[in-house]
Each structure stands twice: as C-alpha cells, then as structure tokens.
Amino acid sequence: MAQDLEPEIDAAAAALRGGGLVILPTETVYGLAADAADPRAVAAVYEAKGRPSFNPLIAHVADLATARRIARFDDRAERLAEAFWPGPLTLVLPVGDARAVCDLARAGLDTVAVRAPAHPLARRLLAAFGGPVVAPSANRSGRPSPTTFADALDETGASAAATLDGGPCAVGLESTVVALLDEARLLRPGAVTRAQIEALIGPLAEAEADAKRSPGRLARHYAPQAPVRLNAAAPEPGEAYLAFGPAPAGETIWNLSPTGDLREAAANLFAYLRAADRTGPSGIAVAPVPQAGLGEAINDRLKRAAGFVG
Ligand code: TXA
Ligand code: MG
C-alpha cells in the first residue's frame, strides 16, 4: 500500500473506543467491527446486519498473548495457533475473561471464538485498539460476504463510523472454524483445510446436527437473489454461469478459475456470485468444483447459496 494510512488507523481505533463500528478488511472477507467488551457497540453490529442476536461473533485479536487472556488454550489450541496464526483459522475455546468479550458477543455461551487475522490493516488496527474486536462478515444477514471494499460499503457501510480500504480479500472465504471443547470439531470449512488441521491434532469430528442448524450455519446464509443451480455442465437460457476450468467466454459467464486453481476460485467466489446476481438472471448455474482441499469450503458455501444445507 503506497500511502501510510496512519491517520485512518487512528481514526478507526478512536471510532471503536467511542462505541462506533468500523468496516475492517481481513484476508478472508470484510468484517463489521466493534469493541468486543462493549454490549451497546455489539448490539449495533447485530442491528446493522439484521442478524438474530443469538448468533455468537468471532473475537479478533492482534496476537496470541491477547487470545490467551480471553480464551483457555489447551495443547491442541497452542499447536494450531502456532501453525496458522495470524491467518484464516478461528478457534472456539472455553471463555477466559468473560468481560473482554461481552455476553452479547458470545450469545450467552461460556465459549468464545478467537482468531488473529493476517491482513496488515487489521493487524495494525487491532494493535492500535489494544483489545479484542468482534467482526462478523460485513454483509447484511443472509447475503454473500463482501470481499471488496465497495461491496462492504454497499452492505453495511452506512452504519460504520470509520472504514478501512484494504483492497480485495486474498482468501475470499470466511475463516475455518474449529471447536476445541471436547472432541475437536470442524464447524465451518475454510482456507485452512481439514487435512492441514488433522496433520497437527488428529481426526476432526463433524459439527453436530444442531450446530449446523445454528445461526451462522443457516441454509441460505450465503445466498444471492437468484436461485443457484450446482454441478451444471453449462447454463440454461436465461441463466448466468460460474465456470471452473477451461470454458467458453460470454457476457453472463464468470470463470472462477480458468486454470482450475482452487485458491483463485475461492478468492473470486463471492464477488462473482454478486456480479452474476446483478445481471438479474433467471438463475445462477455453477460448474462442478472438486471437493479436495480448499474445495470442501468452496462447495460448503455453494451448497448454502443453493439452499441445500440445513
Ligand atoms: O473470516 C471470518 O471469520 C470473518 C472475518 C471478518 O474475520 N468473520 C466471520 O464472522 O465470518 P461471522 O460472524 O460471519 O461468522 C462467525 C462464525 C459463525 O458461524 C458462528 O456461529 C461461529 O463463527 N461462532 C462464533 N462463536 C462461536 C461459539 N462460541 N461456538 C460456536 N460457533 C461460534
Ligand atoms: Mg457471516
């Protein structure tokens, strides 16, 4: 980034201290940030998103030392944090300091979700603010997560006291969420893959059925306006098409990755769903995407966009 942005970081930290909301770039998706300890600020986040208030939020921290103050780390958590932080991995742990992340932010649970994001602007803001910051994806509830500054402004920018433009998000999908309460469980697949996690702490159990139904895991959580049709070899007349791999070009065709690269596809997914949706198609058809590695997270979001997971 050419300019220094120190004044913007200071203004955003001041906004958080004053109970205001901040459009926050992270490497995964843009977040709508608030002081995790301030219930009124957290309530304003739920209000801006139109989100049911029983959905717990992720506490974002600058470093492992801050995370250890708000959550109780076991050996598995230490290993995963050491390997993947700062980065797109969220750990759900028993809460440590329950005042640092208020009841409303945790939806009354005695657990807390923590992550140290890698985006340089997020890291600078968290360091300047000095405490945990909740930041759900900056979309209004039920809409795709914003992966560009413009999309974030469009969704919830009007509610923000300060905004930080961090450019397009490198990952493009929300963080992997792993619960380390009893058995280690994969609550949400993401850029840190199942295989990467299992290599460090052994097999991951599936999320329980009720966890899958819980808010944040709603069937149409990532939905555009148009109906989404999966595993489509080609579009029907009237449909927009998200291709993957070699495919013909066209005005209503977006290629997630012409070379079949899953990272590129993840980074493009939400922006292309939005772009396709804006053309007002009868539907959005999506090419098959392989399930391996990052494909698990991409297919999870696609199934939700199509309303197949509940
Ligand atoms: O990549 C991300 O994680 C983005 C960026 C902005 O950091 N944030 C994000 O937050 O996706 P949100 O609020 O949209 O999703 C948080 C997820 C939800 O699925 C929620 O149910 C889960 O984390 N979660 C949070 N706290 C939890 C807890 N105590 N137990 C179980 N799940 C929890
Ligand atoms: Mg979200």
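Worth saying up front: this structure is predicted, and the values here are computed from it rather than measured.

## Focus on the nonpolar core
Soluble globular proteins tend to bury their nonpolar side chains together. With 48 residues, the main nonpolar core has Phe73, Trp85, Leu89, Leu91 and Leu180 as its most contacted residues. Top contributing element to this core by residue count: helix α2 (residues 39–49), with 5 residues. Once you skip the residues sitting within four places of it in the chain, tryptophan 85 turns out to touch Leu64, Ala67, Phe73, Leu80, Leu91, Val114, Arg115 and Ala116. Within the second largest apolar cluster, 33 residues are counted, among which are Ala232, Ala275, Ile284 and Ala287.

## Description of the sheet that holds strand β4 (residues 89–94)
Spatial ordering of the open sheet is given by β7-β1-β2-β6-β3-β5-β4-β8-β9-β10, a layout of 10 strands whose pairing is mixed. Two strands close off the open sheet at either side, each with one partner strand: β7 (162–163) and β10 (205–206). With 3 bridges connecting them, strand β3 (residues 58–60) and strand β5 (residues 111–115) associate as parallel partners. Following the sheet pairing, isoleucine 58 is matched in β5 by alanine 113. Where helix α7 (residues 149–156) meets the sheet, it contacts β1 (22–24), β2 (31–35) and β7, and its direction lies at approximately 145° from that of β1.

## Topic: the site of ligand 1
Taken together, 24 residues are adjacent to ligand 1, and Thr28, His60, Thr111, Ser175 and Arg188 come closest. Serine 175 places a side-chain nitrogen or oxygen 2.6 Å from an oxygen atom of ligand 1. Out of a free accessible area of 690 Å², ligand 1 has 94% covered by protein chains. Secondary structure elements with two or more residues in the shell around ligand 1: β3, β5 and β9 (184–188). At 3 residues, β5 tops the list of elements feeding residues into the shell around ligand 1.

## What to know about the side chain of arginine 188
Locating arginine 188 in the fold gives a position in strand β9. As a buried residue without a salt bridge, arginine 188 has its nearest oppositely charged side chain in glutamate 174, at a separation of 5.0 Å. Within the local environment of arginine 188, its side chain forms a polar contact with the backbone oxygen of serine 175, the two atoms lying 2.9 Å apart.

## Considerations on the pairing of β2
For β2, the tally of buried residues reaches 5 of 5 residues, placing the bulk of the element in the interior. Across 3 bridges, the pairing between β1 and β2 is antiparallel. If you follow isoleucine 23 over to β2, its bridge partner there is leucine 32. Taking the residues that link successive antiparallel strands as the turn, the β1-β2 hairpin has 6 residues. Judged from the 2 bridges that link them, β2 and strand β6 (residues 133–134) form a sheet pairing that is antiparallel.

Cut-offs applied
Residues numbered from 1 in each chain as written. Chains lettered and ligands numbered in written order. Predicted model: local features only at pLDDT ≥ 70, side-chain atom pairs only at ≥ 80, totals over all residues. Heavy atoms only, no water. Core = buried A, V, L, I, M, F, W, Y, C linked by side-chain atoms within 4.5 Å. Buried < 20%, exposed > 50% of the residue type's maximum accessible area, 1.4 Å probe, protein only. Helix = DSSP H or I, 4+ residues; strand = E, 2+ residues; numbered from the N terminus. Contact = heavy atoms within 4.5 Å. Pairing = 2+ DSSP bridges. Axes fitted to C-alpha atoms, helices over the stretch in contact; angles between N-to-C directions. Near = heavy atom within 4 Å. Polar contact = N/O pair within 3.5 Å; in protein donor to acceptor, adjacent residues only side chain to side chain. Areas by Shrake-Rupley, 256 points an atom, 1.4 Å probe, with all protein chains shown as cover. Lys, Arg positive; Asp, Glu negative; His and termini not counted. Salt bridge = Lys/Arg side-chain N within 4 Å of Asp/Glu carboxyl O.

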